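# Geometric and topological summary
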Amino acid sequence: MTSPARVLVAEELRYFLEGTTVPEDIDPTVLGAGDPVPEGPYVGLLPLLVRTVGAEEMDRLPQLRVIANYGVGYDNVDLAAARARGIGVSNTPGALTMATAEMTWALILAAARRLPEGERLARSGTWAGWHPTQLVGMGLDGRTLGVVGAGRIGTEVGLRARAFDMGVLYWSRGRNRVLERGAGARRVELDELLAAADVVSLHVALTPETAGLIDAAALDAMKPGAILVNTARGAVVDEAALVPALASGRLRAAALDVYDDEPRIPAALRGLDNVVLMPHLGSATERARAGMWEIAWENLLRGVRLQRLRDPVTERGPGTAEAGEGA
Ligand code: DGY
């Protein structure tokens with residue numbers, strides 16, 4: 001009898017691993033959060049999206065067949081290095097679409113209606129009572145939502161704009177008829193979207209093309225008084241350029257769930273009242289996190305057994321139904 005295939009699974013996923021019936025042909029080892037990838041005869045790796053898996057890590061695992069990333073984003077994995085070594089890479093599309101779309105709307109509402117500022121005031125014990133000009137925000141009805149990246153998550157965010165009586169513009173590699181039919185959305189160039197949208201919401205994957213997409217010039221091109229929401233990846237936005245745009249009031253507000261150098265959040269951003277800050281919680285629902293596990297585990301098993309991956313990704317993007325997936 002051949003010995004079971006050895007796989008490494010991120011320690012933070014122990015809860016899910018312990019609730020899973022591990023087949024006899026698989027032998028999992030838990031990989032400690034702070035531990036480097038060990039050298040060894042492992043054929044599968046199931047890492048979190050916060051672990052960098054580059055050429056160096058892959059070289060320590062010469063028998064590796066699959067990297068089944070726990071996340072829809074896979075910018076932590078060096079895809080070219082994986083391809084060069086014949087290692088398959090997969091992600092977890094679909095499982096977190098609704099959770100992230102919901103979080104995006106929570107952030108849009110929080111920024112537009114100044115919920116964190118109101119909450120801070122209510123808790124402070126200094127609230128002096130109702131006042132007609134106190135913490136007045138932006139009403140959403142009749143405004144325009146700009147969806148940057150119309151993959152699964154961007155699509156669901158755009159579709160929900162109907163409920164708030166908002167128009168929708170989107171920027172995407174291809175046409176998105178679901179969004180056009182469901183939300184009356186119109187596909188435009190990025191500069192047109194930035195100039196017209198009252199709320200710009202980012203849903204592109206982080207790639208060399210999208211890194212720094214929302215730089216100083218893009219922020220400057222945004223409509224005065226607009227709101228920027230980022231539930232994709234921090235590096236899509238130039239954080240240093242965002243600070244003065246918010247501090248000067250040129251942008252009304254920003255709401256961020258992701259940062260360039262997580263878990264570091266620049267002090268200058270933390271010091272601003274008109275930014276809503278969340279600690280990367282877009283997919284943090286019970287259903288989404290369990291679904292991500294199921295998908296990642298299935299991809300791990302398939303990769304180890306040299307079967308076709310359920311959700312392969314390459315430098316060109318996800319191999320499944322929809323391209324343009326946001327994170
Ligand atoms: C992902 O899966 O890429 C998300 O960022 C997790 O919330």
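The structure reproduced in this document is the subject of the present report. Given the structure is predicted, the values throughout are model-derived calculations rather than measurements. (Residues numbered from 1 in each chain as written. Predicted model: local features only at pLDDT ≥ 70, side-chain atom pairs only at ≥ 80, totals over all residues.)

## Brief notes about the overall build of the protein
- Along the backbone of the protein there are 12 helices and 14 strands.
- The principal-axis extent of the C-alpha atoms belonging to the protein is close to 75 × 45 × 30 Å.
- Across the 327 residues in the protein, those meeting the buried criterion constitute 45%.
- Considering only residue pairs separated by 6 or more positions, the protein has 61% of its internal contacts joining residues 24 or more positions apart. (Helix = DSSP H or I, 4+ residues; strand = E, 2+ residues; numbered from the N terminus. Buried ≥ 20, exposed ≤ 12 C-beta atoms within 10 Å, placed from the backbone. Contact = placed C-beta atoms within 7 Å.)

## A short note on the sheet that holds strand β3 (residues 44-46)
- Judged by pairing direction, the sheet is parallel, and its five strands sit side by side in the order β2-β1-β3-β4-β5 without closing on themselves. Here the strands that pair on one side only, and so sit at the sheet edges, are β2 (26-31) and β5 (88-90). With strand direction ignored, the average angle separating the axes of adjacent strands in the sheet is 15°.
- As judged from the three bridges shared by strand β4 (residues 66-68) and β5, these two strands associate in the parallel manner. Within β5, the position partnered with I67 by the bridge is V89. (Pairing = 2+ DSSP bridges. Axes fitted to C-alpha atoms, helices over the stretch in contact; angles between N-to-C directions.)

## Let's talk about the nonpolar core
- By size, the foremost hydrophobic cluster in this structure holds 97 residues, and its most contacted members are L46, A111 and A254.
- Leave out the neighbours within four places in its chain, and A254 touches A111, I227, L228, L242, L246 and V275. (Core = buried A, V, L, I, M, F, W, Y, C linked by C-beta atoms within 7 Å.)

## Re the environment of V237
- If you trace the backbone, V237 turns up in the loop between β10 (227-230) and α10 (239-247).
- The class of V237 is buried, set by 25 C-beta atoms lying within 10 Å.
- Leaving out residues up to four positions away in the same chain, V237 has contacts with I214, N230 and L242.

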